[in-house]
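# Chains, contacts and geometry: an overview
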Amino acid sequence: MSDTATKRNVKSYACGTADFTDDAGQECYQRHLMYDHVVPSHEASQRERFEAVARSLRDLLTQRWLLTQQTHDQENPKRVYYLSMEFLIGRALSNNIINLGIEPFVRRELQADPRQDWQEVIETEPDAGLGNGGLGRLAACFIESLATLQIPAMGYGLRYEYGIFRQTIENGFQMEQPDHWLAEGDPWEVARPRQTVQIPVGCRFELHDGVLRAAPGHTTHLLGVPYDRPVVGYGGRTINTLRLWGAASPDFFDFGEFSSGDFVGAIVDSILAETVTRVLYPDDSTRAGQALRFVQEYFLVGCSLADIVARFRRGNDDWQMLPEKVAIQMNDTHPAMAVAELMRILLDEAQLGWDEAWDLTVRTLAYTNHTLLPEALEKWPVRFFELVCPRLLEIVFEINRRFLADVQQRYPDDPRRAAGMSLIEEDGERQIRMANLAIVGSHSTNGVAQIHSDLLRTRVVADFAEMFPQRFNNKTNGVTPRRWLLAANRDLAELITESIGDGWVTDLSELRQLLPLADDAAFRQRFWETKQTAKTRFAQWLQTSTGQVVDPNSIFDSQIKRIHEYKRQLLNILHVVVLYNRLRENPALEIPSRTFFFAGKAAPAYQLAKLIIKLINNVGRVIDEDPASAGRIKVAFVPNYNVSLAERLIPASDVSEQISTAGYEASGTGNMKFMMNGALTIGTRDGATIEMAEEAGEENFFLFGLTAQQVADSRGYYNPHWHYQNEPETRAALDLIFGDHFSRDEPGIFTPIREALLDRGDYFMHLADLTSYAQAQQQLGQLYADRDAWTRKAILNVACSGKFSSDRTIAQYAEEIWNAVPCPVAEGDS
Ligand SMILES: *Cc1c(COP(=O)(O)O)cnc(C)c1O
């Protein structure tokens, strides 16, 4: 990270020809500032300054980016393609500066400008919120690690004009605003209209009363225009590409309608075509099942496979080489149509026979499963396939016919098994089971944490695991330490580097060298101060941007993630009400002062999740106003959770809440970000939290509650009423909520929550875990009072977080699934 290393890594500079670290960089910035918007530089807005910096950086990385592509074209290595409907990227500026290694330059040149508030310029960049949550953020971490590991790789996704909605809170309710992040353009992207691909669609789109409908019988085309974003690996050596497809329609002069005189109709068609990539569907874990979403998935697969195959053909003339040169990873089942689409290409375009095409398809594709929630397993009506891509439906039917014949041969006289494994669900409306298609049509199916992979194999798709045992494997998730530690927590990163050197940035297991420092009082003191600084900084930001006032001397306790019943924000707020009751009953009670932060979006159609947000806000208001609790406990709901908010709040958190019902959180990645940043976890034995506790030792975690096995075993006889009747604190908390203590002016508003918890059986077992949760919380509070003991554990957590780098995850995918190796890009000038 020294200046000379910087110069070596990012040598020449496109704006001038000189090194970016000399005056040419400043010149380039000034030129963009003035010429891109034709304003005198002293009148430029913050946004214009941001664009000028971003453009200068893009100029700077252009030659490396081209050199990466040339190197890959020349060496013709095996390439990895990561197909994902979501990439939750967040901001790119800070990360690109850090990964290019030009921070010293930026600090010197840009911060020297007195007119420029650097922090404000960074904040001008909108989050690229092209995802809902963990799954999309994982894709973003993965492509960064792929570039850092110098693996020839490309991400493929959609260029949504509207990302995940912006959340505001009004009177405690979530409000959704459109996130038009592209309104002012994206200075990082490069449009490549010359590489446009054409996707056949078996229907036309029509608008009826504002609803987009598919009308059968007219085959049309969609155009996919690639928009490329650079993905800078740490050190700036490899710059891979994230290719996002924007939908367009063919020039209307090509339309039959035009020659037959329907000029307006042709233009309307072109507008409708463009709606395909207009907006990201804001559902997390549950699928809404709309036809437009189906078209989006088909569009991603059609565009990406055409592009991948064309690139393969440029470097190879033998189709047999496909699995040697191409690995395609499907992020969940959203791109699972790739199975049928690759078959279509190999059958119809390459003219291969079925068996050969099938062998190549299976060896090229791999699938990552992300969920254990049965309602989140995707199914698409056969009718949608018929309408949009009838040829793919024919292929799916043929895959299924052959597959069921195999099943029949292996398990004669087991129709129940065959019906469960069929790619087609025959009950009710016929639907294609996308997970079954993905498993049958690929050589690898992985879960994202050990427990998740185990449950997948033994419960969710046990019949498949029995038939194809060698296909099933685990790849525990990780997060990139560049964004989540080096960039997000500069102070802690510096302290670590000062103590053990900077090797941890690309080999996070080196954090183990911090272990002995947990017993070093001076180090503990500095570690503590780092956390205090982050807390104070966050408190200031929160007050400035939302008006909420929090005390940096209180414990910062955070649950930030999508709002979902299985993640159990409700359990957290129930515990807050238990604490509040204790304070009301015994004003002299000594409890450590605590701020409970909540942040997260609820899917707009998920009414109960939205009501949980309302409850959290109402409890927060009453607690603030009641002298029994004010200043002792506080609830702060921070609106509009996104990547940038996570980057601020995680470094400032003392406590990480990972309290899902055991057996339901596939992995989690928020849990890992907190661990690296020195928070202690209170959590259930679920997802990757289990492995985190294994790494750090359970004595350094606050684990509580039912295990996944116990949850499964108690289904059928679990009775929430028992807890209500026999646990006084549980009863008092529920009585307070449902007696409208937190909703004086809105009586009965929380009734649906009461119904879920008591009348409908409390499916996620909040009441079963509330008592052990409260006990764990109490122990946690006691430990916090012993600053040395607390800090010691926090340091041990950081030291043991090395496994949860996405570099480790990607190295395992590369070796065990993709058989891909790094393809280093030469140092120095191109
Ligand atoms: C990491 C992250 C998530 C995933 O959080 P979990 O706690 O694993 O659900 C979701 N959203 C954002 C913005 C994130 O940064």
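Here the structure is a predicted model, which is why all the values come from computation and not from measurement. (Residues numbered from 1 in each chain as written. Predicted model: local features only at pLDDT ≥ 70, side-chain atom pairs only at ≥ 80, totals over all residues. Heavy atoms only, no water.)

## Quick word on the environment of Ala 418
Note the threshold: A run of H or I in DSSP becomes a helix once it reaches four residues, and a run of E becomes a strand once it reaches two; helices and strands are each numbered from the N terminus. Three exposure classes are used, based on accessible area relative to the maximum for each residue type with a 1.4 Å probe and protein chains only: buried under 20%, partly exposed in between, and exposed over 50%. Here, two residues are considered to be in contact whenever any of their heavy atoms come within 4.5 Å of each other.
By the secondary structure assignment, Ala 418 is in helix 16 (residues 415–421). Accessibility expressed as a relative area gives 22% for Ala 418, which makes it partly exposed. Distance in space between the C-alpha atoms of Ala 418 and Asp 463 is 9.2 Å, their sequence separation being 45 residues. Those residues in contact with Ala 418 that lie beyond four places of it in its chain are Leu 404 and Val 407.

## Re the site of the ligand
Definition in use: Here a residue is near a molecule or strand as soon as one of its heavy atoms is found within 4 Å of it. Any pair of N or O atoms that falls within 3.5 Å is considered a polar contact. Within protein, one atom must be able to donate a hydrogen and the other to accept it, and sequence-neighbouring residues count only if both atoms are side-chain atoms. The Shrake-Rupley method, run with a 1.4 Å probe sphere, supplies the accessible areas, and residue values consider only the shown protein chains as cover. Following the grouping adopted for this structure description, the nonpolar residues are Ala, Val, Leu, Ile, Met, Phe, Trp, Tyr, Cys and Pro, the charged ones are Asp, Glu, Lys and Arg, and the polar ones are all others, Gly among them.
The ligand sits among 15 residues. The nearest are Lys 561, Lys 567, Thr 669, Gly 670 and Lys 673. One of the side-chain nitrogen or oxygen atoms of Lys 561 is found 2.8 Å away from an oxygen atom of the ligand. Here the ligand loses 96% of its free accessible area of 390 Å² to cover by the protein chains. The set of elements that each furnish at least two residues to the shell around the ligand consists of helix 25 (643–649) and helix 26 (670–676). Residues of the shell around the ligand, tallied by class, amount to 6 nonpolar, 6 polar and 3 charged.

## Side note on the pairing of strand 11 (residues 326–331)
We apply this condition: Pairing between strands is defined by DSSP: at least two bridges between them are needed.
The buried fraction of strand 11 amounts to 6 of the 6 residues, a majority that puts the element mostly inside the structure. Sheet analysis places strand 1 (residues 79–83) next to strand 11, joined by 5 bridges and oriented parallel. Bridging from a neighbouring strand, Val 80 pairs with Ala 327 of strand 11. Relative to strand 12 (residues 365–368), strand 11 runs parallel, the two sharing 4 bridges. By the bridge assignment for strand 12, Asn 331 is matched with Thr 368.

## What about helix 10 (residues 291–315)?
Rules: Here a helix's expected span is defined as the number of its residues, less one, multiplied by 1.5 Å.
Under the 1.5 Å per step criterion, the end-to-end length of helix 10 is 37 Å for 25 residues, consistent within 8% with the ideal 36 Å. Counting buried positions over the 25 residues of helix 10 gives 19, a clear majority of the element.

## Section: the side chain of His 452
Within the fold, His 452 resides in helix 18 (residues 450–460). Among the polar contacts listed, one links the side chain of His 452 to the side chain of Asn 369, at a separation of 3.1 Å.

## Side note on the packing of helix 13 (residues 354–364) against helix 15 (residues 390–410)
Packed helices, taken two at a time, are described by their axes: the angle between them and the distance between them. The condition that has to hold: Interaxial angle, 0 to 180 degrees, is taken between N-to-C directions of lines fitted to C-alpha atoms, where a helix line uses only the stretch in contact. Any angle between 65 and 115 degrees counts as roughly perpendicular, while under 35 counts as roughly parallel, over 145 as roughly antiparallel, and the rest as oblique.
Between helix 13 and helix 15, whose axes approach to 13 Å, the crossing angle comes to 95 degrees. It follows from the interaxial angle that helix 13 and helix 15 lie roughly perpendicular. Between helix 13, through Trp 354, Asp 355 and Trp 358, and helix 15, the contact on the second element is made entirely by Ile 395, Glu 398, Ile 399 and Arg 402. Residue classes in the contact of helix 13 with helix 15 are distributed as 4 nonpolar, no polar and 3 charged.

## Quick notes on the side chain of His 370
Position of His 370 relative to the elements: it lies in the loop between strand 12 and strand 13 (379–381). Here His 370 falls in the buried class, since its relative accessible area comes to 14%. One polar contact links His 370 to Asn 331, side chain to side chain, over a distance of 2.5 Å. When residues no more than four places from it in sequence are discounted, the contact partners of His 370 are Leu 135, Leu 138, Asn 331, Asp 332, Val 448, His 452 and Ala 666.

## With respect to the sheet that holds strand 14 (residues 424–425)
Ordered by their spatial adjacency, 3 strands build an open sheet running 13-15-14, and the pairing between neighbours is antiparallel. Edge positions in the sheet fall to strand 13 and strand 14, since each of these pairs with one other strand and no more. Where strand 13 lies against strand 15 (residues 431–433), 3 bridges are found, and the strand directions are antiparallel. Of the residues in strand 15, the one forming a bridge with Trp 380 is Ile 432.

## What to know about the nonpolar core
Quick note on the threshold: Residues grouped as a nonpolar core are buried Ala, Val, Leu, Ile, Met, Phe, Trp, Tyr and Cys residues, joined through side-chain atoms within 4.5 Å.
In this structure, Ile 496, Trp 504, Leu 514, Ile 573, Phe 597 and Ile 753 are the most contacted members of the largest nonpolar core, which totals 129 residues. Each residue touching Trp 504, except ones within four places of it in the same chain, is listed here: Leu 485, Leu 486, Ala 493, Ile 496, Thr 497, Glu 510 and Leu 511. In terms of nonpolar packing, the next biggest core, distinct from the first, is built from 114 residues, Tyr 298, Ile 328, Leu 352 and Phe 468 among them.

## Quick notes on the packing of helix 10 against helix 12 (residues 338–349)
Selection rule: Working rule for handedness: look at the near helix, and if it is turned counterclockwise from the far one by less than a right angle, call the crossing left-handed; if clockwise, right-handed.
For the pair helix 10 and helix 12, interaxial distance at closest approach is 10 Å and the crossing angle is 45 degrees. It follows from the interaxial angle that helix 10 and helix 12 lie oblique. Considering how the two elements wind past one another, helix 10 and helix 12 form a crossing that is right-handed. Of the residues in helix 12, those in contact with Val 301, Gly 302, Leu 305 and Val 309 of helix 10 are Ala 338, Glu 341, Leu 342 and Ile 345. When grouped by side-chain class, the residues that make up the contact of helix 10 with helix 12 number 6 nonpolar, 1 polar and 1 charged.

## A closer look at the pairing of strand 19 (residues 594–599)
The condition is simple: For the handedness criterion, the strands are oriented away from the viewer, and a crossover whose path from the first strand over the helix to the second runs clockwise is classed as right-handed.
By the criterion of burial, strand 19 is predominantly enclosed, with 6 of the 6 residues buried. Here strand 19 shows two buried faces, one formed by Arg 594, Phe 596 and Phe 598 and the other by Thr 595, Phe 597 and Ala 599. Sheet topology places strand 18 (residues 555–560) next to strand 19; 6 bridges connect them, and they run parallel. Bridge pairing in strand 19 links Asp 557 to Phe 596. Chirality of the crossover, the property in question, places the unit of strand 18, helix 23 (residues 569–585) and strand 19 among those that are right-handed. Taken together, the 5 bridges between strand 19 and strand 20 (residues 633–637) define a ladder with parallel strand orientation. For Thr 595, the partnering residue across the bridge sits in strand 20 and is Lys 634. Assessed by its sense of winding, the connection that carries the chain from strand 19 through helix 24 (residues 607–625) to strand 20 is right-handed.

## Quick look at helix 15
Basically, it comes down to this: Here the arc refers to the set of directions running from the helix axis out to each C-beta atom.
Taking 1.5 Å per residue, 21 residues should reach 30 Å; helix 15 reaches 30 Å between its end C-alpha atoms and fits that length. The complete set of buried residues in helix 15 reads Leu 392, Leu 393, Ile 395, Val 396, Ile 399, Asn 400, Phe 403 and Val 407. Looking straight down helix 15, one finds that the buried residues subtend no more than 155 degrees of arc, so they occupy a single side. Among the exposed residues of helix 15, those pointing more than 90 degrees away from its buried face are Arg 401 and Gln 409.

## Topic: the UniProt feature "modified residue: N6-(pyridoxal phosphate)lysine" (unreviewed entry) in the protein chain
So the rule is basically this: UniProt positions are given in the numbering used here, feature names are shortened, and annotations may be inferred rather than shown by experiment.
Look at the UniProt record and you will see "modified residue: N6-(pyridoxal phosphate)lysine" (unreviewed entry) annotated at Lys 673. Mapped onto the elements, Lys 673 comes out in helix 26. Judged by its relative accessible area of 6%, Lys 673 is buried.

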